[in-house]
Amino acid sequence: MTNSDSDSSIKLQMPRYYAQRAHEYEEIFARPHRQADIARIQRWLGEQFSGRHVLEVATGTGYWLPAASAQALSWQGTDINTEVLAVARSKSLDFSKVSFRLADAYALDLVVPGSASPFDAAFAGHWFSHVPVHRQAAWLAQLHRQLAPGATVILLDNRYVEGDSTPIARVDADGNGYQVRSLSDGSRHEVLKNFPTREQMQALLQADAQALEWQELDYFWTLKYRLR
Ligand SMILES: C[S@@+](CC[C@H](N)C(=O)[O-])C[C@H]1O[C@@H](n2cnc3c(N)ncnc32)[C@H](O)[C@@H]1O
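Let us look at the structure shown here. (Residues numbered from 1 in each chain as written. Predicted model: local features only at pLDDT ≥ 70, side-chain atom pairs only at ≥ 80, totals over all residues. Heavy atoms only, no water.)

1. Topic: the site of the ligand
If you check the shell around the ligand, you find 21 residues, and the closest are Tyr-25, Ala-58, Asp-79, Asn-81 and Ala-105. A distance of 2.7 Å separates an oxygen atom of the ligand from a polar side-chain atom of Asp-79. Note that an oxygen atom of the ligand is positioned 2.8 Å from one of the side-chain N or O atoms of Asn-81. Protein contacts shield 97% of the accessible area of the ligand, which totals 590 Å² for the unbound molecule. (Near = heavy atom within 4 Å. Polar contact = N/O pair within 3.5 Å; in protein donor to acceptor, adjacent residues only side chain to side chain. Areas by Shrake-Rupley, 256 points an atom, 1.4 Å probe, with all protein chains shown as cover.)

This is how it looks when you write it as structure tokens:
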């Protein structure tokens, strides 16, 4: 294979990559050395959303949902891909309070502008790392517009761990990192993946948020904050 063949086999479209990955997505969570972190996060998420009406962005296959939604009052999952939501729907969940709908995370329209939001909490797992640097502030602002004043927001994502994370193959002029990932069908995909720091998140959120709590585990970070 020549270099140009190999370059053209790298697909740039992130949403299609996740649709194609739907049935193998959760394999990443089976890595034995990540289990202690995962169990801790599952417990923590369950507590955070207890008694809450939650809007989840980029739900995917709903990996965190059984734990995170267990004590929530209602849970609205959203994603751009039907393929991943089909996996989420196949899980054993309380569908009297959990529902899903297709929605573009960059064009959330669950709440009519000017009307009261039913959501007093929001969750996005492994999503913020895929938001390009130049869209981060706008994405956060439009998420916040979907939520009630004082709502709690929780972001969860990967830390970059040398030797364990997929290496960053290149960095663009805006500072976005890109990984080259392979699926079991042999396809290769270039996926934007950022690893923001606590300081970067604080700077992005200083106008809208209070009570920021940043947590670093071995393989993941979490950020909890309250809207002003
Ligand atoms: C890394 S997965 C995260 C899934 C899940 N939140 C988790 O923690 O496992 C990223 C998800 O983003 C979804 N996605 C990609 N582009 C999107 C967009 N523009 N709007 C909404 N979801 C999108 C993909 O379908 C995929 O399910």
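After that view of the structure, there is still more to cover.
2. Considerations on the pairing of strand 5 (residues 121-125)
In terms of residue burial, strand 5 counts as a mostly covered element, since 5 of its 5 residues are buried. Of the two faces of strand 5, the one holding Ala-121, Phe-123 and Gly-125 and the one holding Ala-122 and Ala-124 are both buried throughout. Pairing between strand 2 (residues 53-56) and strand 5: 3 bridges, direction parallel. Its bridge partner being in strand 5, Val-54 is matched across the sheet by Ala-121. (Buried < 20%, exposed > 50% of the residue type's maximum accessible area, 1.4 Å probe, protein only. Helix = DSSP H or I, 4+ residues; strand = E, 2+ residues; numbered from the N terminus. Pairing = 2+ DSSP bridges.)

3. Describing the packing of aromatic side chains
For the coordinates displayed, the defined rule picks out 16 aromatic pairs. Seen in terms of ring centroids, Tyr-18 and Tyr-25 are 6.0 Å apart; in terms of plane orientation they differ by 70°. Their pairing is edge-to-face. The exposure class of Tyr-18 is buried, given its relative accessible area of 16%. Between Phe-95 and Phe-100 the ring centres are 6.5 Å apart and the planes differ by 65°, which places this aromatic pair in the edge-to-face class. The exposure class assigned to Phe-95 is partly exposed, which follows from its relative accessible area of 41%. On the accessibility criterion, Phe-100 (11% relative accessible area) is buried. Feature note: the residues Tyr-17, Tyr-18, Tyr-25, Phe-29, Tyr-63, Trp-64 and Phe-220 constitute an aromatic cluster, connected by ring pairs. Its guanidinium or amino end placed over the ring of Tyr-106, Arg-135 lies 3.6 Å from that ring's centre, counting from NZ or CZ. (Phe/Tyr/Trp six-rings, centres within 6.5 Å; stacked < 30°, edge-to-face > 60°. Lys NZ or Arg CZ within 6 Å of the ring centre and 35° of its normal.)

4. Overview of the side chain of Asn-81
Position of Asn-81 among the secondary structure elements: in the loop between strand 3 (74-79) and helix 5 (82-89). Apart from residues lying up to four places away in sequence, Asn-81 is in contact with Pro-15, Arg-16, Tyr-18, Ala-19 and Leu-102. (Contact = heavy atoms within 4.5 Å.)

5. Topic: the pairing of strand 3
Of all 6 residues that make up strand 3, 5 are buried, and the element is covered over most of its length. Where strand 2 and strand 3 come together, 4 bridges link them in parallel fashion. Counterpart to His-53 in the pairing with strand 3 is Ser-74. Pairing analysis gives 5 bridges linking strand 3 to strand 4 (residues 98-102), with the strands arranged parallel. Within the sheet, the bridge partner assigned to Gln-76 lies in strand 4 and is Ser-99.

6. Re unusual backbone geometry
Phi angles above zero are rare outside glycine, and Ala-58 is one such case at about 55°. Tracing the backbone through its elements, the reader meets Ala-58 in the loop between strand 2 and helix 4 (65-68). On the basis of relative accessible area, Ala-58 is assigned to the buried category, the value being 19%. A positive phi angle, near 55°, is found at Ala-211, a position not held by glycine. Within the secondary structure, Ala-211 is located in strand 10 (residues 209-216).

7. Observations regarding the environment of Val-84
One can find Val-84 in helix 5. Considering only alpha carbons, one finds Val-84 and Ala-22, 62 residues apart in sequence, at a separation of 5.0 Å. Apart from the residues within four sequence positions on either side, Val-84 is in contact with Tyr-18, Ala-22, Gly-60, Thr-61 and Asp-79.

8. Brief notes about the pattern of salt bridges
Taken as a whole and judged by the stated rule, the model has 8 salt bridges. Residue Arg-16 pairs with Glu-83 through a salt bridge whose shortest N-O separation is 3.5 Å. Taken together, the residues Arg-16 in helix 2 (residues 14-21) and Glu-83 in helix 5 connect sequence positions 67 residues apart. Taking relative accessible area as the criterion, Arg-16 reaches 42% and is therefore assigned partly exposed. With relative accessibility at 29%, the residue Glu-83 sits in the partly exposed group. One salt bridge connects Arg-159 with Glu-216, and the closest N-O pair in it is separated by 3.6 Å. Of this pair, Arg-159 sits in the loop between strand 6 (152-158) and strand 7 (170-171) while Glu-216 sits in strand 10, placing them 57 residues apart in sequence. Accessibility expressed as a relative area gives 30% for Arg-159, which makes it partly exposed. (Salt bridge = Lys/Arg side-chain N within 4 Å of Asp/Glu carboxyl O.)

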